[in-house]
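Given next are the chains, with one letter for each unit.
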Amino acid sequence: MATHTKIPAESEKTARIRITLNGEGVDVSFAPYKTLLEVLREDLGHTGTKHGCELGECGACTVILDGKPVLSCLTLAVECDGRDVMTVEGLGSDGQLHPLQEAFADLGGSQCGYCTSGILLTAKALLDQNPHPSRDQIREALSGNLCRCTGYLQIFDAVEAAMVKIASHTKSAT
């Protein structure tokens, strides 16, 4: 005997959240099964956040959620209502690159660039939490971000250069 499964109506498939995205309030509707990665890219057009492994192993999808780096491929978007999300598009301000972006460009911290947004956001979260990390702390913080091009030394150098620039800018502002 055949059983019939009720197909949910379109209105039953829609979730709605309000987040602060890169400093601006945003309302978005989406299918409730979508990850934050999918909502950012498909529904909000923030394509700087990259699809990588979609298993939480590569770090290409890293965003900053409430001040902490998270893998957006493993985070359901419905869990983000009322929260603060930063993507790579929100790093710079007033048309200026963030010191991390400048250092990565100047020191060859990215080659193909696919992993770069996740690494930049992970490094920003680290520097926000610890303005003067050691090389070992930088290495540990970035250990979940895979890069197949640079060999990591340029990445570590770029984070250290950005750290110095941010520290000198902070001193001159006070």
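Every chain is numbered on its own, with residues counted from 1 as its sequence reads. Where totals are concerned, whole chains, interfaces and linings use all residues; where local detail is concerned, this predicted model gives features only for residues with pLDDT of at least 70, and gives and counts side-chain atom pairs only at 80 or more. Only heavy atoms go into the side-chain values, all of them from the structure, while hydrogens and water stay out.

Q: How should the pattern of salt bridges be read in this particular structure?
A: Working definition: two side chains of opposite charge can pair if their charged atoms are close together. For this document, the term salt bridge refers to a Lys or Arg side-chain nitrogen within 4 Å of an Asp or Glu carboxyl oxygen. Taken as a whole and judged by the stated rule, the model has 9 salt bridges. We note a salt bridge from Arg83 to Asp66, for which the minimum N-O separation is 2.7 Å. Residue Arg83 is located in the loop between β4 (68–71) and β5 (84–86), and its partner Asp66 is located in the loop between β3 (62–65) and β4; the two are separated by 17 residues in the primary sequence. Classification of residues uses two cut-offs on accessible area relative to the type maximum, computed with a 1.4 Å probe and protein chains only: under 20% is buried, over 50% is exposed, and between them is partly exposed. For Asp66, a relative accessible area of 40% gives the class partly exposed. The partner of Asp157 in a salt bridge is Arg135, with the nearest N and O atoms 2.6 Å apart. In this pair, Asp157 is assigned in helix α5 (residues 153–173) and Arg135 in helix α4 (residues 135–141), connecting sequence segments 22 residues apart. Going along the chain from the N terminus, every DSSP run of H or I of four or more residues is numbered as a helix, and every run of E of two or more is numbered as a strand.

Q: Is there a simple way to explain helix α3 (residues 116–129) in this structure?
A: Helix length check: α3 (14 residues) gives 20 Å between terminal C-alpha atoms against 20 Å at 1.5 Å per residue, within 8%. Within α3, 12 of the 14 residues are buried, which leaves the element mostly enclosed by the surrounding structure. All of the buried residues along α3 are Thr116, Ser117, Gly118, Ile119, Leu120, Leu121, Thr122, Ala123, Lys124, Ala125, Leu126 and Leu127. Take the residue count of a helix, subtract one, and multiply by 1.5 Å to get its expected span.

Q: Looking at this structure, how should I read the packing of aromatic side chains?
A: The geometry of two aromatic rings is summed up by the distance between their centres and the angle between their planes. Stacked, tilted and edge-to-face pairs are distinguished by plane angle, under 30 degrees for stacked and over 60 for edge-to-face with tilted covering the rest, among Phe, Tyr and Trp rings (Trp via its six-membered ring) whose centres lie within 6.5 Å. Taken as a whole, this structure holds 1 aromatic pair when the rule is applied. Between the aromatic rings of Tyr152 and Phe156, the centroid separation amounts to 6.1 Å while the plane-to-plane angle is 25°, which identifies the pairing as stacked. Residue classification places Tyr152 among the partly exposed positions, given a relative accessible area of 24%.

Q: How do you make sense of the pairing of β4 when you look at a structure like this?
A: In the case of a regular strand, side chains alternate between the two sheet surfaces. Pairing between two strands requires that DSSP report at least two bridges joining them. Summarising the sheet, β3 and β4 pair through 4 bridges and their orientation is antiparallel. Within β4, the residue paired with Leu65 across the bridge is Lys68. Between β3 and β4, which follow one another and run antiparallel, lie 2 residues, and Asp66 among them has a positive phi close to 50°.

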